[in-house]
Amino acid sequence: MEDDNYIPLSYISQYNYCRRRAGLLMLEQQWSDSADTVKGSLEHKNVHTASITSRNSMITITDMSVVSRKMHLMGKCDAVEALLSENGTAFPWIGGKKYELYPIEYKHGSIRMEPEYEYQLCAQAMCMEEMFGCSISSGAIFFISSHRNQEVRFTKAHREAVEKTAAELSQMLEHKVIPKVDYSPKCLKCSLKEICMPKVSDSVSDYLKRITQENEKGDTD
Ligand code: SF4
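Residues numbered from 1 in each chain as written. Predicted model: local features only at pLDDT ≥ 70, side-chain atom pairs only at ≥ 80, totals over all residues. Heavy atoms only, no water.

For the protein chain, the helix and strand inventory stands at eight helices and seven strands. The buried share of the protein chain, reckoned over its 221 residues, is 44%. Across the protein chain, the fraction of contacts at a sequence separation of at least 24, relative to all contacts at a separation of at least 6, is 60%. Carbon and sulfur atoms provide 53% of the accessible area of the protein chain, an area that totals close to 12,700 Å². (Helix = DSSP H or I, 4+ residues; strand = E, 2+ residues; numbered from the N terminus. Buried < 20%, exposed > 50% of the residue type's maximum accessible area, 1.4 Å probe, protein only. Contact = heavy atoms within 4.5 Å. Areas by Shrake-Rupley, 256 points an atom, 1.4 Å probe, with all protein chains shown as cover.)

Listed below in structure tokens is the structure:
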């Protein structure tokens, strides 16, 4: 894969919500705002300003860029807390002292269990482990509306799911095939449902491509 074909890390979450949704976003650059996505991006606005603040033994870095060359992922962490710790790793860029890193991903709405959010957070941790040669055992998802943190401990299953998703996204990007509709209750809340048309088996673009092909075939008959 070409070096510039890095996959946005947030697609780890999109893909585990719905493979087709990730395909539409990545290959057709389809984006449609729903009330939820507008609310989410407004709530994220405060976090997406790069800053470094220090308080007692903790440093908080917001909007931090991360990358994995192994998984071909790149993206941002909403916030990373670096806590001074004897068991941590020395980071030259924060004075050479030992810190443990703890990523925090902000999500709109109230606290809820969503495996795809956990995979996205774990992917951020895995990127930082690769970048800094450190070990990150946990992080948190902060739900903005309810002001509640949900801690996530990164298991072997989380890590395997991230690697598998990154590999499948790379394959999708290489072969440029958008997965077919897999209709589920998630479709009702999906901001792409008008474009995807999950109750019709084709997307608008598939439909147009099919009609064009049929017309071309008709011309040559
Ligand atoms: S409408 Fe359903 S199948 Fe289509 S992208 Fe959304 S979740 Fe996936």
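Now that the structure has been shown, we can carry on.
As for its placement among the helices and strands, Tyr-106 is situated in strand 5 (residues 98–107). Given the relative accessible area of 22%, Tyr-106 is considered partly exposed. C-alpha separation for the pair Tyr-106 and Ile-141, spaced 35 residues apart in sequence, amounts to 5.9 Å.

With that settled, the discussion passes to the site of the ligand. Contacts to the ligand come from Cys-18, Arg-21, Cys-187, Cys-190, Lys-193, Cys-196 and Pro-198. Its residues assigned to classes, the shell around the ligand comprises five nonpolar, no polar and two charged. (Near = heavy atom within 4 Å. Nonpolar A, V, L, I, M, F, W, Y, C, P; charged D, E, K, R; others polar.)

Little of strand 2 (residues 51–55) is tucked away: zero of the five residues are buried. Direction of pairing for strand 2 relative to strand 3 (residues 58–68): antiparallel, over a ladder of five bridges. The residue bridging Ser-54 from the neighbouring strand is Ile-59, located in strand 3. (Pairing = 2+ DSSP bridges.)

Time to look at helix 4 (residues 115–132). Compared with an ideal rise of 1.5 Å per residue, which puts 18 residues at 26 Å, helix 4 spans 26 Å between its outermost C-alpha atoms and is within 8% of the ideal. Downstream of helix 4 by a residue or two, Gly-133 has a phi angle that is positive, lying close to 60°. (Expected span 1.5 Å × (residues − 1).)

Below, the discussion takes up the packing of helix 2 (residues 19–27) against helix 5 (residues 156–175). Each pair of packed helices can be described by the angle between their axes along with the distance between the axes. Helix 5 packs onto helix 2 with a crossing angle of 50° between their chain directions and a minimal axis gap of 11 Å. Compared by their axis directions, helix 2 and helix 5 come out oblique. Taken as a pair, helix 2 and helix 5 cross one another with a handedness that is right-handed. Judged by residue contacts, Arg-19, Ala-22, Gly-23, Met-26 and Leu-27 of helix 2 engage Leu-169, Met-172 and Leu-173 from helix 5. (Axes fitted to C-alpha atoms, helices over the stretch in contact; angles between N-to-C directions. Parallel < 35°, antiparallel > 145°, perpendicular 65-115°, else oblique. Left-handed = near helix turned anticlockwise from the far one by under 90°.)

When the terminal C-alpha atoms of helix 5 are compared, their 29 Å separation across 20 residues agrees well with the 28 Å that a helix rising 1.5 Å per residue should span. Along helix 5, the residues that are buried comprise His-158, Ala-161, Val-162, Thr-165, Ala-166, Leu-169, Ser-170, Met-172 and Leu-173. Buried positions in helix 5, seen along its axis, are confined to an arc of 170° and lie on one side of it. Exposed positions of helix 5 whose direction lies more than 90 degrees from the buried face are Lys-156, Ala-157, Lys-164, Glu-174 and His-175. The inward-facing, buried residues of helix 5 abut strand 1 (7–8), helix 1 (11–17), helix 2, strand 4 (73–90), helix 4 and strand 7 (148–153). (Arc of directions from axis to C-beta.)

Below, the discussion takes up the packing of aromatic side chains. Evaluated as defined, the whole model comprises three aromatic pairs. Measuring from centroid to centroid gives 5.5 Å for Phe-91 and Phe-132, while their planes differ by 85°, and the two rings are edge-to-face. With a gap of 41 residues between them, Phe-91 in the loop between strand 4 and strand 5 and Phe-132 in helix 4 connect regions that are remote in the sequence. Accessibility expressed as a relative area gives 1% for Phe-91, which makes it buried. Exposure remark for Phe-132: the relative accessible area of 22% places this residue in the partly exposed category. The ring of Tyr-17 carries Lys-186 above its face, with NZ or CZ at 5.2 Å from the centroid. (Phe/Tyr/Trp six-rings, centres within 6.5 Å; stacked < 30°, edge-to-face > 60°. Lys NZ or Arg CZ within 6 Å of the ring centre and 35° of its normal.)

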